[in-house]
Structure formats: structure tokens, C-alpha cells
Amino acid sequence: MELVHFYQRIELDDEVRIVSSYLQGKNAQIEITYNFSNQDVPSDTDITIHGISKKTASKFKVGSNLSIYAGFYNADFTENNIAHLLTASITTVDAIKWESGDWYLHLTIQDGTKVDPKKAIKLAQSKQVRAKSTNKSSTYRSQMRNFENNAKKRRQAWLSANPNATRHQKHLNYVQIQNSIKAYRTQLKGAQSRATEKANKQKVYRVKTVYKNMSFKSGTKGSTIIRTLADKAGIKISEMKLVYNHVYYSGYTAKKKPLSCIQDIAKDCKTDMFYQHGKLVIKSFVSNKHLNYTCVPKTGLITSPSLSTDEDNKDVYEATILFNPIITTGVIFRIDDKFSGFTDDVIVTNGNATLSNSDTPTMTINFKKLSQYKKEQASEIKKAKSDDAKA
């Protein structure tokens, strides 16, 4: 299909429908900078709408859902490749402005939740505790200590009253006092034993509720933890297919916020976690189907693939192509560029598109050779299996 007439449409919660194209019914000029990436952090998309009325602009509010559609018609408008790009929430809306005879509105949308609103999940656990201790040991010790102190005072009083007492008389008095102490101790112990026995028969318990971080037992798989956390936190996962279902042999405790925990587990499972068309996806790019699309100069290749100079992105290439609504994170297609000699199947990692009717809509994409991506993933999985075997 020959790509001739560019078309854009945005829809706001089924209330507003704005079209920007050469078709009859065009009612605005729309400029969109659309971002997509393989990161587990959502991307922002900037939108500027020209020729908008104040009444229509007032309907765009933070928190409302906005959908974007874009693509091309052929020369006689009998065919098109128009597709849904994303549905996301509006995060910022600027005041409508007047400039050069034009009212325009600028806003941003975000294809997911950048800040995890949920705290770490804590579960209520109940246990029985004694309502009141009936142990009288402290009372026993106090009574015994008082009796011994009084015995010492009686001993000193006797010695003071009998300064001429013989050694034998002093000894008899000492024995008498020690015997009284032993007798009192025996009396108290007996009383305590009887009190304890009675108290044990009359123990009163109450139920106490404590809150602990959600924990998973030894041997739980990563997929089980992700689904449970997502369900408890209300996180919607559009699709999940783990490359390696890591087993947590020592168990797992979710100490972080739910989305942060899911991010960590996805990494342990060597699986990509990203937002695609505004939806959270956890799966390997390799599992995606190959598009029936070969990018050459005639079908949209504008600049030849070039290797990234960023040390943190080795083996990553960059190219500029004509906007194609089906090209996004994780898409696999073929590039055949005779000029540079680059001919290979590639997998898109991230990129951005600049969309406007006033200029040729293009997109800059970063990608890896599919063979290199598979090689890196296989190496990570092999290491993970080896580490688990040692656990």
C-alpha cells in the first residue's frame, strides 16, 4: 500500500473526538511526540492541539483517559494502516493559549503508573495472647525480702540487748532466726504453687491482630508471586509470559511497594517488563511474532542503521524511519539497507515518533539484532539456572 495521506485522531473518554487529516471532517491540527521504551517505567507523550475552542479545551482534565490513533491512507483513501497507539491518563494540562491567531492546548499523558501508589502489602495475622499474667513471683520475692530484712533487724536488736551474751548464746540466736527464715520461705513457696496451679486453670486469653509483610513459602515460583501481588494491589497486567520461572527456594517477603516487587521478580525471571500501547506487559521480546514487514528505503527507511556510541548500550543500533503505527517496543521485523550493508532481523527496544500533518511523520528507533538479543538472553538464563542449582 502506498502511504500518502497522514491521519491522526484523539478521543477523550468518549466525550471528545478530534481528527487531524486531509479528510473531510478535519477539525484541528494535532502535534504529538510519542515515546516508547523497554523500561519498566512508563513513558510520557506530549500533545499540542491547534485550532481548539475554549469549550472543548475545558473538557481535557487531569486523570481523564485519552486514546490516540494514527496511520496513513493511500492516494484514493480506499486503504489505510491506521491503528491504536495507546490509551493513557492525562497527567498535565496547560491553560489554553492564544498565539498568532490560533488557540492551542498543550497536555501530557502517561502510559502507566510512574509512581507506585500502594504501600508494601501487609497481611493481618491473629494469635492468642494472655490477657493478664497471674504469675505472683514478684510478690513472693518482695515478701521474702521484707521478712529477711526484718530478721536481720531482730538479730541486731537481740545483740544490742545482750552485749554480754556468750558465743554459744549468739549461735543459738542465729540458728533460731535462720530457721524462721527457712520456715517462712517454705510457707510462701507452698502458697505460690497453689496460686499458680489455680491460675493455670483459669487462664484468660484474647485474640491479638498483627500486620506483617506478605510472605511466600520456600519453593514458590516467580509467576505465583507476581500474580498474587498484582491481584492484591489492583495492578493490571495485560500479558505475562516468563522466560525463566525463577523458584525462590528461601521463600520471598514483599518488603517494597507491589510494583517495585514485581519489577524485581521480573528481573530474577530474566523477563522484560514494559508498557506497550499503554498496557503493562511482562514477557520476552523474543516470544513476539515477526511482522510481515521489511524496512527498505521504498517502504520507509530514511537513515541507515548506525551503532550507538553509548557505552551503556552496546550492540544497540539507531535508525530513522517513516512513522509506522505497528512499530513499538518489542516488535520484530527486518531491515534491508543496501547502502550500509545492514541486513538482519531486528528487535525494537525503544524510540519516539514526531507526528504532525505539517511535516513528514517520522520515528527514531533503537534496536538490536535479533540473534544478538537471543544470545544475551540465553546467557542470562543459563547463569540463573546455574545459580538456582547451587541454592
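Residues numbered from 1 in each chain as written. Predicted model: local features only at pLDDT ≥ 70, side-chain atom pairs only at ≥ 80, totals over all residues. Heavy atoms only, no water.

## Some thoughts on the sheet that holds strand S13 (residues 237-241)
- One open sheet holds the 3 strands; their spatial order is S13-S17-S16, and the pairing between them is mixed. Of all the strands in the sheet, just S13 and strand S16 (273-276) have a single pairing partner and so form its edges. This sheet shows a mean twist of 20 degrees between the axes of neighbouring strands, independent of strand direction.
- Where S13 and strand S17 (residues 279-283) come together, 4 bridges link them in parallel fashion. Note that in S17 the partner of Met240 across the bridge is Ile282.
- Against the sheet, helix H4 (residues 222-233) contacts S13 and S17, and its axis sits at roughly 170 degrees relative to S13. (Pairing = 2+ DSSP bridges. Helix = DSSP H or I, 4+ residues; strand = E, 2+ residues; numbered from the N terminus. Axes fitted to C-alpha atoms, helices over the stretch in contact; angles between N-to-C directions. Contact = heavy atoms within 4.5 Å.)

## Focus on the nonpolar core
- Of all hydrophobic cores here, the largest spans 46 residues; its most connected members are Phe60 and Phe333.
- With 5 residues, strand S22 (residues 342-355) is the single largest residue contributor to this core.
- Sequence-distant contacts of Phe333, that is, excluding residues within four places in its chain, are made with Leu291, Tyr293, Cys295, Ile327, Asp344, Asp345, Val346, Val348 and Ile365.
- Of all hydrophobic cores here, the second largest spans 24 residues; its members include Ile121, Ile225, Leu229 and Leu280. (Core = buried A, V, L, I, M, F, W, Y, C linked by side-chain atoms within 4.5 Å. Buried < 20%, exposed > 50% of the residue type's maximum accessible area, 1.4 Å probe, protein only.)

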